[in-house]
Amino acid sequence: DVQLQASGGGLVQAGGSLRLSCAASGFTFDDDYSIAWFRQAPGKEREGVSCISSSDLGTYYADSVKGRFSVSSDNAKNTVYLQMNSLKPEDTAVYYCAAERQDLGISTALAMGVLMPDLYDYWGQGTLVTVSS
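In this report, we go over the structure that sits alongside the text. Please read all numbers here as calculations on a predicted model, not as lab measurements.

About the thresholds
Residues numbered from 1 in each chain as written. Predicted model: local features only at pLDDT ≥ 70, side-chain atom pairs only at ≥ 80, totals over all residues. Heavy atoms only, no water. Pairing = 2+ DSSP bridges. Helix = DSSP H or I, 4+ residues; strand = E, 2+ residues; numbered from the N terminus. Axes fitted to C-alpha atoms, helices over the stretch in contact; angles between N-to-C directions. Buried < 20%, exposed > 50% of the residue type's maximum accessible area, 1.4 Å probe, protein only. Arc of directions from axis to C-beta. Contact = heavy atoms within 4.5 Å.

Let's shift gears to the sheet that holds strand 7 (residues 69–74). The strand order 1-3-8-7 describes an open sheet built from 4 strands, whose pairing is antiparallel. Either end of the sheet is taken by a strand with one partner, and the two such strands are strand 1 (3–7) and strand 7. Neighbour-to-neighbour, the strand axes of the sheet open up by a mean angle of 15°, direction not taken into account. In this sheet, strand 3 (residues 18–25) lies alongside strand 1 in antiparallel orientation, the contact comprising 5 bridges. Residue pairing for strand 3: Leu4 is matched across the bridge by Ala24.

Another point: unusual backbone geometry. Residues other than glycine seldom take positive phi values, yet Asn78 does so here, at roughly 50°. Mapping Asn78 onto the fold places it in the loop between strand 7 and strand 8 (79–84). In this model, Ser86 sits at a positive phi of 50°, which is unusual for a non-glycine residue. In this structure, Ser86 sits in the loop between strand 8 and strand 9 (93–100).

With that settled, consider helix 1 (residues 104–112). Every buried residue belonging to helix 1 is among Gly105, Ile106, Thr108 and Ala109, and all of these are buried. End-on, the buried residues of helix 1 take up no more than an arc of 160°, which puts them together on one face. Elements that come into contact with the buried residues of helix 1 comprise strand 4 (34–40), strand 5 (47–53), strand 6 (59–61) and strand 9. Backbone geometry just downstream of helix 1 places Gly113 in the positive-phi region, at approximately 80°.

See below:
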């Protein structure tokens, strides 16, 4: 079965950077897939952050992180990264990675402007990011 392991969270001051990793097993990145990043802050609903596809659909970013975050993949390592720069206190949240075996999630995000959690089949355990002011 597909398993995801998120890591890389920690404590950082505002303006700093962190790089999150999502290591996947149980499927090859040579096949069609989409891996997304979600986050949930205290007292807030889950928010879709970013997504990357193995197809030419490319990437998606929420408006709140556009220009600051960058998603990438290393297919040889079956790992997806989320580079977070210029971090703000409002970025504080538990960050989750999620995967789908197709590209419906990213297609919907690009069309509708929102990542839909119900379209993702597999979820990692989450990693905590805390940004101090």
